[in-house]
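Single-letter residue listing:
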Amino acid sequence: GAGVSQSPSNKVTEKGKDVELRCDPISGHTALYWYRQSLGQGLEFLIYFQGNSAPDKSGLPSDRFSAERTGGSVSTLTIQRTQQEDSAVYLCASSSRGAVGAFFGQGTRLTVV
Amino acid sequence: KQEVTQIPAALSVPEGENLVLNCSFTDSAIYNLQWFRQDPGKGLTSLLLIQSSQREQTSGRLNASLDKSSGRSTLYIAASQPGDSATYLCAVGMYSGGGADGLTFGKGTHLIIQP
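Reading the values: the criteria
Residues numbered from 1 in each chain as written. Chains lettered and ligands numbered in written order. Predicted model: local features only at pLDDT ≥ 70, side-chain atom pairs only at ≥ 80, totals over all residues. Heavy atoms only, no water. Pairing = 2+ DSSP bridges. Helix = DSSP H or I, 4+ residues; strand = E, 2+ residues; numbered from the N terminus. Axes fitted to C-alpha atoms, helices over the stretch in contact; angles between N-to-C directions. Buried < 20%, exposed > 50% of the residue type's maximum accessible area, 1.4 Å probe, protein only. Contact = heavy atoms within 4.5 Å. Disulfide = S-S within 2.5 Å.

What follows concerns the sheet that holds strand β6 (residues 65-69) of chain A. All names here are of chain A. Strand order in the open sheet formed by four strands is β1-β3-β7-β6, with antiparallel pairing between adjacent strands. Only two strands of the sheet have a single neighbouring strand rather than two, namely β1 (5-7) and β6. Sheet twist, expressed as the average angle between the axes of neighbouring strands with direction ignored, equals 15°. Pairing analysis gives five bridges linking strand β3 (residues 19-24) to strand β7 (residues 75-79), with the strands arranged antiparallel. From the neighbouring strand, Glu-20 faces β7, where its bridge partner is Thr-78.

What follows is the structure, given as C-alpha cells:
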C-alpha cells in the first residue's frame with residue numbers, strides 16, 4: 001500500500017480481555033517497529049522486526065505483550081489480560097535498509113475500561 | 001541509555017514569527033536524528049532526517065541542524081503559519097541496521113500558531 005496501515009483505529013476493551021492490534025507495513029519494507037505513546041509521554045519502543053532475524057523484544061513491558069510478523073509483512077501486537085495502564089496509542093512504523101527514516105501508521109488508540 | 005529532551009514543552013506564538021525548537025541528547029554516538037510532526041488523532045509524519053555525518057537539512061520553511069558533539073539539534077520554522085500547529089517530536093537513531101533502529105523519542109514540543 002501507499003503507507004503504513006493500522007487497524008483498528010480505536011479499540012475499547014474491558015480490563016482482563018485480550019486484544020490484537022494489526023499493522024500492515026509499506027510494501028517491501030523489511031523493518032517493522034511497534035511503539036507506544038501514553039498520554040503526556042514520549043514514544044516508548046516496544047519491539048522491532050528486521051527481515052527474518054529474531055525480533056528485538058527488549059522494549060516489551062511485560063510478558064502479557066507479544067508480537068509476531070507473518071511472512072515478513074503484516075504484524076500483530078497482542079496484549080493479554082489488559083490492564084488500565086495499557087491504555088495508550090500504539091504506533092507502528094516501517095522502513096527499509098538505507099531508507100530515509102521511518103514511516104509511521106495512524107496508530108491504534110486503545111482504551112481499557 | 002540515550003535520553004532525548006525537547007525544549008520548550010509548549011510554545012504559542014503569533015502567525016508569521018520565525019521560531020526554534022530545541023532537542024538535546026545524552027549519547028552523541030548517534031546514527032541519525034529525525035524530526036517528526038504529529039497532528040491530533042493522527043500518526044507521525046517525518047519532516048527531516050539528518051545523518052550523523054551531516055550538519056543540517058532543509059525542506060521548504062523548515063531547517064534542522066545537528067551538532068553531534070554537543071548533543072543538540074534545532075528545528076527552525078520560518079514564517080510560521082496556523083497550519084504548522086502540531087506536536088513536533090525529535091527522535092535519535094542509535095544503530096546502523098536500518099532507518100528506525102533503536103529510535104529514542106523526546107516528549108515533543110506542542111506548538112500553537114495563533115492566526
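Next comes the rest of the description.
Here we come to the environment of Tyr-88 of chain B. Residue and element names in this part refer to chain B. Topologically, Tyr-88 is positioned in strand β9 (residues 86-93). Its relative accessible area of 2% is what places Tyr-88 among the buried residues. With near-sequence residues (within four places) excluded, Tyr-88 lies in contact with Gln-6, Leu-21, Phe-36, Arg-37, Leu-47, Leu-75, Ile-77, Gly-108, Thr-109 and Leu-111.

This part covers the state of the cysteines. Between two cysteines, a covalent bond joining their sulfur atoms is known as a disulfide. Residues and elements named next belong to chain A. Under the criterion given, the structure shown has two disulfides over all chains. Each sulfur of the disulfide joining Cys-23 and Cys-92 lies 1.8 Å from the other. Taking the torsion about the S-S bond as the criterion, the Cys-23 to Cys-92 disulfide, at about -65°, is left-handed. Here Cys-23 is found in strand β3, whereas its partner Cys-92 is found in strand β8 (residues 88-95), with 69 residues between them in sequence.

Bringing unusual backbone geometry into the picture now. With an omega of -10°, the peptide bond between Ser-7 of chain A and Pro-8 of chain A qualifies as cis. In this structure, Pro-8 of chain A sits in the loop between β1 and β2 (10-13). Between Ile-7 of chain B and the following residue, Pro-8 of chain B, the backbone shows a cis peptide bond with an omega angle of -5°. The phi torsion at Arg-81 of chain A lies on the positive side, around 50°, for a residue other than glycine. Relative to the assigned elements, Arg-81 of chain A resides in the loop between β7 and β8. Even without being glycine, Ala-79 of chain B reaches a positive phi, approximately 45°. Structurally, the position occupied by Ala-79 of chain B is in the loop between β8 (72-77) and β9.

Purely spatial values, then, with no claim about function.
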